[in-house]
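Coordinates in review
One-letter residues, chain by chain:
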Amino acid sequence: MSTPALRRGLRTLGTLLITLSAISPASSVFIIAPGVISGAGTGAFYSFVAAAVVGVFMAFVYAELASAFPLAGGEYAIVTRTLGRLPGFAVLGLMIITQVLIVAVIALGVGTYLGVLLPGVPGAVIAAVTCVIAAVVGVFDIKLNAWVTGIFLAIEILALIVVSALGLLNPARPFSDLLTHPVASDGGPATVGAIAIATSVAIFAYNGYGSAVYFGEETQDASRGIARAILFALGITVLAELIPVTAVLVGAPDLNALFASENMLSYFVGSRGGGTLDTVLGLAVALAIINAVLAIVLISSRMLFSSGRDSAWPSPVNRALSAVHPKFGTPWVATVGTGLVAALLCFVDPKLLLVVTSTSIVAVYAALCLGAIIGRRTGATAHAAYRMPWFPVAPVLALAVLVFVVYQNLLDPAVGRPSLIVTACVVLLSIGYYLVVLRRKGGWKLADVTEEKVTDEKSDEHA
């Protein structure tokens with residue numbers, strides 16, 4: 001019986017477009033950046049710069065590991081092959097819960113920005129419909145989805161250019177003020193501690209560049225193309241977010257009004273460009289969020305497909321998740337399942353969703369950093385086409401930052417501490433399932449999937 005294989009129909013550009021859509025720079029600027037500004041004031045500029053440095057470290061780690069293992073399973077497939085099956089399955093448990101919940105969290109933002117067009121319709125309903133539509137579109141050929149996400153991505157980049165122009169072409173204060181006299185949201189000087197804490201939020205704003213690895217089995221020359229897509233995705237994301245955030249900080253007519261505003265970006269755009277422009281950009285952000293939902297559904301479905309192919313679940317579930325559409329070459333059952341589950345989660349309390357997802361990515365990042373270090377020592381990643389520079393600087397420094405983020409979350413009793421507890425519980429449950437179910441069945445037998453093997457199988461099918 002041949003190994004279920006996806007259709008290798010993407011070039012590096014298509015993978016990059018889907019990856020950038022999953023990051024959704026416009027959503028980060030309009031939804032996440034205000035949280036950074038609230039915590040650090042105009043010191044948010046330094047927070048985003050520091051987060052970009054951390055992003056470079058993690059992008060190097062992702063690029064090398066993804067070059068060695070460009071597999072649809074993403075992080076869990078990499079950790080399994082570098083650290084072992086038990087850590088790998090723990091990461092799978094974290095990623096399954098996190099990815100599907102993130103789809104719902106992001107989709108809930110659609111209602112906020114589509115309220116102008118659909119007054120009176122509950123936001124949860126709009127979000128659920130968005131998830132279902134994304135799942136239906138996601139079943140179609142991956143090349144078509146790359147074009148769809150690319151068109152939507154162009155719209156959100158245009159919106160960010162407009163925001164940047166509003167602030168940079170008509171500044172209310174010199175850029176040097178951000179560098180030499182950053183002020184906090186309470187009017188006092190922005191402290192190093194506040195900037196550091198806000199950096200952890202800015203890291204999340206950039207997150208997603210590593211998602212390119214999920215399309216490794218659908219990208220031509222994946223061992224090189226995925227690494228390039230990851231590095232380009234980070235660079236474009238940093239520019240697409242740091243420039244408009246800087247524009248808001250130097251261009252806001254009144255910083256006190258900006259900090260006190262319930263919707264900072266709406267205040268900024270409205271004060272500089274008027275209410276009509278604010279409405280137009282709000283709709284562009286809604287499209288960006290819809291695009292992000294589609295991209296993350298595509299990502300999540302590849303991971304679920306891989307878990308079924310790797311026989312992580314009971315046999316009927318494995319067969320369903322690893323089913324490939326005969327015409328489009330996509331994991332259609334996993335895609336539809338992801339959209340339907342995410343649609344149901346849209347009716348769960350958003351605060352609960354955030355608690356579950358906010359720190360799990362820290363654990364996954366830490367596992368990848370360890371995987372990069374151990375993979376070099378054991379030779380597991382010796383065949384990678386891309387090798388990170390200055391090894392082991394990137395994984396070691398990234399681990400140090402992650403330890404700091406965990407420490408800051410321990411100090412936060414509202415979200416950070418509960419999130420760490422939930423993350424630990426998910427890891428323990430995953431380990432328990434592995435020991436009680438998979439090991440008793442004789443161990444977790446991963447499918448034999450390499451870039452060459454998948455290519456050969458698809459060639460045989462077309463012969």
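Looking at an unreviewed UniProt entry, the protein chain carries the name Amino acid transporter, with the source organism given as Amycolatopsis azurea DSM 43854. Checking UniProt for the protein chain, the heading Subcellular location (unreviewed entry) contains the comment "Cell membrane".

Tallying secondary structure elements over the protein chain gives 20 helices and zero strands in all. In terms of overall size, the protein chain behaves like a compact globule, its C-alpha atoms giving a radius of gyration of 22 Å where 463 residues would be expected to give roughly 23 Å. Summarising its shape, the C-alpha atoms of the protein chain cover approximately 65 × 45 × 35 Å along the three principal directions. By the burial criterion, 55% of the 463 residues in the protein chain qualify as buried. For the protein chain, long-range pairs separated by at least 24 residues make up 83% of all intrachain contacts whose partners lie at least 6 apart in sequence. Accessible surface, the protein chain as shown: approximately 18,400 Å² in total, 70% of it carbon and sulfur. Of the charged side chains in the protein chain, 25 are positive and 23 negative, and the gap between their average positions amounts to 9 Å.

Let's shift gears to the packing of helix α1 (residues 12-23) against helix α10 (residues 222-251). With their axes 9 Å apart at the nearest point, α1 and α10 run at an angle of 40° to one another. With respect to α10, the element α1 is oriented oblique. Considering only the axes of α1 and α10, their crossing is right-handed. Note on element contacts: α10 touches α1 through G225, I226, R228, A229, F232, A233, I236, T237 and E241, opposite T12, T15, L16, T19, L20 and I23. Residue composition of the contact of α1 with α10, by class: eight nonpolar, five polar and two charged.

Applying the stated criterion to the full structure yields 13 aromatic pairs. Centroid distance F45 to F175: 5.3 Å. Interplanar angle 85°. Geometry classified as edge-to-face. Taken together, the residues F45 in helix α3 (residues 44-68) and F175 in helix α8 (residues 175-180) connect sequence positions 130 residues apart. The class for F175 is partly exposed, based on a relative accessible area of 38%. Aromatic pair W313 and Y433: ring centres 5.6 Å apart, planes at 50°, arrangement tilted. Linking W313 in the loop between α13 (275-309) and α14 (315-321) with Y433 in helix α19 (residues 416-438), this pair joins segments that are 120 residues apart in sequence. Classification of W313 by relative accessible area gives buried; the value is 19%.

This brings us to the nonpolar core. If you look at the biggest cluster of nonpolar residues, it comprises 146 residues, and the most contacted ones within it are F30, F48, V61, L92, Y209 and W444. Sequence-distant contacts of F48, defined by excluding residues within four places in its chain, comprise A33, V36, A202, A205, Y206, E241, L242 and V245.

Turning our attention to the environment of L239. Position of L239 relative to the elements: it lies in helix α10. Overall, L239 belongs to the exposed group, its relative accessible area being 54%. Along the primary structure L239 and G375 are separated by 136 residues, whereas in three dimensions their C-alpha atoms are 31 Å apart.

With that settled, the discussion passes to the pattern of salt bridges. For the structure shown, the criterion picks out six salt bridges. A salt bridge links R7 to D141; its shortest N-O distance comes to 3.5 Å. On the criterion of sequence distance, the pair formed by R7 in the segment before α1 and D141 in the loop between α6 (123-139) and α7 (142-168) is long-range, its members being 134 residues apart. Relative accessible area serves as the criterion here: at 25%, R7 is assigned to the partly exposed category. In this structure, R302 and E218 form a salt bridge, with 2.9 Å as the shortest nitrogen-oxygen distance. Highlighted residues: R302 in helix α13 and E218 in the loop between α9 (192-206) and α10, separated in sequence by 84 residues. Take R302 and E218: they sit in the same class, and that class is buried.

Rules used throughout
Residues numbered from 1 in each chain as written. Predicted model: local features only at pLDDT ≥ 70, side-chain atom pairs only at ≥ 80, totals over all residues. Heavy atoms only, no water. UniProt positions renumbered as here; feature names shortened; annotations may be inferred. Helix = DSSP H or I, 4+ residues; strand = E, 2+ residues; numbered from the N terminus. Rg over C-alpha atoms; globule rule 2.2 N^0.38 Å. Buried < 20%, exposed > 50% of the residue type's maximum accessible area, 1.4 Å probe, protein only. Contact = heavy atoms within 4.5 Å. Areas by Shrake-Rupley, 256 points an atom, 1.4 Å probe, with all protein chains shown as cover. Lys, Arg positive; Asp, Glu negative; His and termini not counted. Charge placed at Lys NZ, Arg CZ, Asp CG, Glu CD. Axes fitted to C-alpha atoms, helices over the stretch in contact; angles between N-to-C directions. Parallel < 35°, antiparallel > 145°, perpendicular 65-115°, else oblique. Left-handed = near helix turned anticlockwise from the far one by under 90°. Nonpolar A, V, L, I, M, F, W, Y, C, P; charged D, E, K, R; others polar. Phe/Tyr/Trp six-rings, centres within 6.5 Å; stacked < 30°, edge-to-face > 60°. Core = buried A, V, L, I, M, F, W, Y, C linked by side-chain atoms within 4.5 Å. Salt bridge = Lys/Arg side-chain N within 4 Å of Asp/Glu carboxyl O.

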